[in-house]
Amino acid sequence: MSIGSNFIKNIIIDDLEAGRVKEVVTRFPPEPNGYLHIGHAKSICLNFEMADAFNGKTHLRFDDTNPVKEDTEYVESIKEDVRWLGFEWDALFFASDYFEEMYNRAVLLIKKGKAYVCDLSAEEIRATRGTLSEPGTESPYRGRSVEENLDLFERMRAGEFRDGEKVLRAKIDMASPNINMRDPVIYRIAHASHHNTGDKWCIYPMYDFAHPLEDAVEGITHSICTLEFEDHRPLYDWVIEECEMPCQPHQYEFARLNLTNTVMSKRWLKKLVDEGVVDGWDDPRMPTISGLRRRGYTPESIRAFAREIGVAKSNSVVDDKMLEFFIREDLKLKAPRTMGVLRPLKVVITNYPEGQVEWLETEVNPENPEMGMRQIPFSREIYIEQDDFMENPPKKYHRLFPGNEVRLKSAYFIRCEEVIKDADGQVVELRCTYDPATKSGLDFTERKVKGTIHWVEATHAVAAEFRLFEPLILDEEAGGETASFLERVNPASLEVVQGFIEPNMRDVQGQDKFQFFRHGYFNVDNKYSTAERKVFNRIVSLKSSFQL
Ligand code: ATP
Ligand code: MG
Ligand code: MG
């Protein structure tokens, strides 16, 4: 499917027509410091689909310039997630493979008098940067000679100094109206082992220096990033030019994806994992790609969502219901329908012959007749949903109550004759009668009933666990703005119930998806399901007020 028109696409068309660009090359540059989330999916779709639209190429590049937070576990998960989304990179790179090149470019800057070693602490540098209305103050080390800077920078690399003792700064303009141009730090010391380069380096380039060089080394033509980097663009261009890179990429900014009731920053997601609030990065409540996958989202639904939200130039918050809309759309025709009782209540049909089981035939998906028919057993004992019975119902309740008749989906009408309670007064069983004339498919018209409920035959039923989700972090949480992050976690984000499914569901596999009649779309959890016992994650309920 093609991407709609957007401002970035228009820029590319202009570049190609004017001959400024021969082949479009984009990149997706994650830092391997966590798992990818739905916001990254937007960026992945944009970069890959944009290049595809012009027969270009897309690189997957690990922006691994910060040794402390990075890990190969994240590298592997990111590759898996990009592939799962349906994209294959034309080339795979690690920014850390360019450390030598970056070092040499920094040396070039020093030689040109465009960079200097500074001994100010991080706090002092921050304090002397000035403000929007006031220029910064020049560092006392700004005047160091080229020779001294070359010597100190080499010794920084050799490990002679402690973390934070010295940095390399670009020498640009402490009075620039753009604070990013006030002698930004481009190298820092970090005695830390790197997941790729081990202990080879103890100095690491800063993002603003590394990123443009990475793009240039790879011949990226359109470097797409989020809006926060708009003010960094002059620095991006400065680095490319002053480092005398042979190839000149350009940075373009688009609005990052924000979703209601969704926390997307990797820092916070990691905290949820580390604190055990969730059972891993792939917890079905997580907005990570792996979480969405385990929840039951399909790559198609996520790509359709990314296309719909498009590429904007200003930040906004997208309704999380929109994502749900796309998975419903995708599964509507694909997912088999089935019945599952989440909170069972036993019903005995007293006028149905004891010991008899009949097999009823019903459609696998009424909206997609090609999916054929399925067989479901019916007998004297069934389970219905506890919610589908009320002893003293309000006026518009059309399900079961004493004396009332309802339709059992794909079976018969039953009437509630008697309510059985335990010693505490809890309803534990219903006694009903059925009417053989009302069998589904016989076009019975003599009486009408207002309610249709689902059920599962009791002797063939297969026990199953259902996991129902609410957002992990609510926008309107108790405690308001002042609450700490963990206090904002929704205590009702996970509900686990034990119920029953149809016997033909016995052999479902991890990641199989179904629509349970009236309950919504579910996915077979591949972490907790076993051969004997299936666990279902609810992807989404059926109804939504959301409209595109
Ligand atoms: P986070 O702050 O959530 O950890 P990040 O920007 O630090 O995200 P990176 O690994 O650096 O994570 O991101 C890789 C790419 O994904 C970047 O190009 C970034 O612009 C893009 N990206 C990250 N978050 C979003 C988002 N919410 N919407 C769109 N693109 C995003
Ligand atoms: Mg980043
Ligand atoms: Mg980050």
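- The name given to the protein chain in an unreviewed UniProt entry is Glutamine--tRNA ligase, and the organism recorded there is Heliophilum fasciatum.
- The UniProt entry for the protein chain carries this comment under Subcellular location (unreviewed entry): "Cytoplasm".
- If you open the UniProt record of the protein chain and go to Catalytic activity (unreviewed entry), you find "tRNA(Gln) + L-glutamine + ATP = L-glutaminyl-tRNA(Gln) + AMP + diphosphate".

Focus on the overall build of the protein chain
Inference 1: Secondary structure summary: the protein chain contains twelve helices and 27 strands in total.
Inference 2: Computed over the C-alpha atoms, the radius of gyration of the protein chain is 31 Å, more than 25% above the 24 Å expected from 2.2 N^0.38 for a compact globule of 548 residues.
Inference 3: Out of the 548 residues in the protein chain, the part that is buried amounts to 38%.
Inference 4: The contacts of the protein chain with a sequence gap of at least 6 include a subset with a gap of at least 24, amounting to 72%.

A closer look at helix α8 (residues 233–242)
Given 3.6 residues per turn, any residue in an α-helix points the same way as the ones three and four places further on.
Inference 1: Listing the buried residues of α8 in full gives Leu235, Tyr236, Trp238, Val239 and Ile240.
Inference 2: Taken from the residues just after α8, glutamate 244 is the one with a positive phi, measuring 55°.

Examining the UniProt feature "binding site: L-glutamine" (unreviewed entry) in the protein chain
Inference 1: As recorded in UniProt, the feature "binding site: L-glutamine" (unreviewed entry) lies at Asp63 and Tyr207. A maximum C-alpha distance of 8.6 Å is found for the annotated residues, which run over 145 residues; spatially they form one tight group.
Inference 2: Leave out the neighbours within four places in its chain, and aspartate 63 touches Pro29, Pro30, Glu31, Ala95 and His211.
Inference 3: Tracing the backbone shows tyrosine 207 in helix α7 (residues 207–218).

What to know about the sheet that holds strand β22 (residues 455–457)
Where strands meet in a sheet, backbone hydrogen bonds hold them as pairs that are either parallel or antiparallel.
Inference 1: Read from one edge to the other, the open sheet built from seven strands follows the order β21-β18-β19-β20-β14-β17-β22, with strand pairing classed as mixed. Pairing within the sheet leaves two strands with one partner each, and these edge strands are β21 (452–453) and β22.
Inference 2: Direction of pairing for strand β17 (residues 381–385) relative to β22: antiparallel, over a ladder of three bridges. The partner of isoleucine 384 across the bridge, within β22, is tryptophan 455.

Looking at the environment of methionine 339
Inference 1: Considering the arrangement of structural elements, one finds methionine 339 in the loop between β12 (337–338) and β13 (340–341).
Inference 2: By C-beta crowding, methionine 339 is classed as buried, having 25 other C-beta atoms within 10 Å.
Inference 3: When the C-alpha atoms of methionine 339 and isoleucine 453 are compared, they prove to be 9.9 Å apart, with 114 residues separating the residues in sequence.
Inference 4: Residue contacts for methionine 339: discarding those within four places in its chain leaves Lys409, His454, Trp455, Val456, Glu502, Phe516 and Phe517.

Digging into the site of ligand 1
Inference 1: Ligand 1 sits among 15 residues. The nearest are Pro30, Gly39, Ser43, Arg256 and Lys266.
Inference 2: The set of elements that each furnish at least two residues to the shell around ligand 1 consists of α2 (38–53) and β8 (222–226).
Inference 3: The greatest single-element share of the shell around ligand 1, amounting to four residues, is contributed by α2.
Inference 4: Within the shell around ligand 1, the residues separate by chemical class into five nonpolar, five polar and five charged.

Points about the packing of α7 against α8
Inference 1: Across the interface, α7 lies against α8 with an axial gap of 9 Å and an inter-helix angle of 60°. The orientation of α7 with respect to α8, classified from their angle, is oblique. In this structure, α7 crosses over α8, and the sense of that crossing is right-handed. Between α7 and α8, the contacting residues are Asp208, Phe209, Pro212, Leu213 and Ala216 on the first element and Leu235, Tyr236, Val239 and Ile240 on the second.
Inference 2: Split into classes, the residues belonging to the contact of α7 with α8 amount to eight nonpolar, no polar and one charged.

Rules of the game
- Residues numbered from 1 in each chain as written.
- Chains lettered and ligands numbered in written order.
- Predicted model: local features only at pLDDT ≥ 70, side-chain atom pairs only at ≥ 80, totals over all residues.
- UniProt positions renumbered as here; feature names shortened; annotations may be inferred.
- Helix = DSSP H or I, 4+ residues; strand = E, 2+ residues; numbered from the N terminus.
- Rg over C-alpha atoms; globule rule 2.2 N^0.38 Å.
- Buried ≥ 20, exposed ≤ 12 C-beta atoms within 10 Å, placed from the backbone.
- Contact = placed C-beta atoms within 7 Å.
- Pairing = 2+ DSSP bridges.
- Near = placed C-beta within 6 Å.
- Nonpolar A, V, L, I, M, F, W, Y, C, P; charged D, E, K, R; others polar.
- Axes fitted to C-alpha atoms, helices over the stretch in contact; angles between N-to-C directions.
- Parallel < 35°, antiparallel > 145°, perpendicular 65-115°, else oblique.
- Left-handed = near helix turned anticlockwise from the far one by under 90°.

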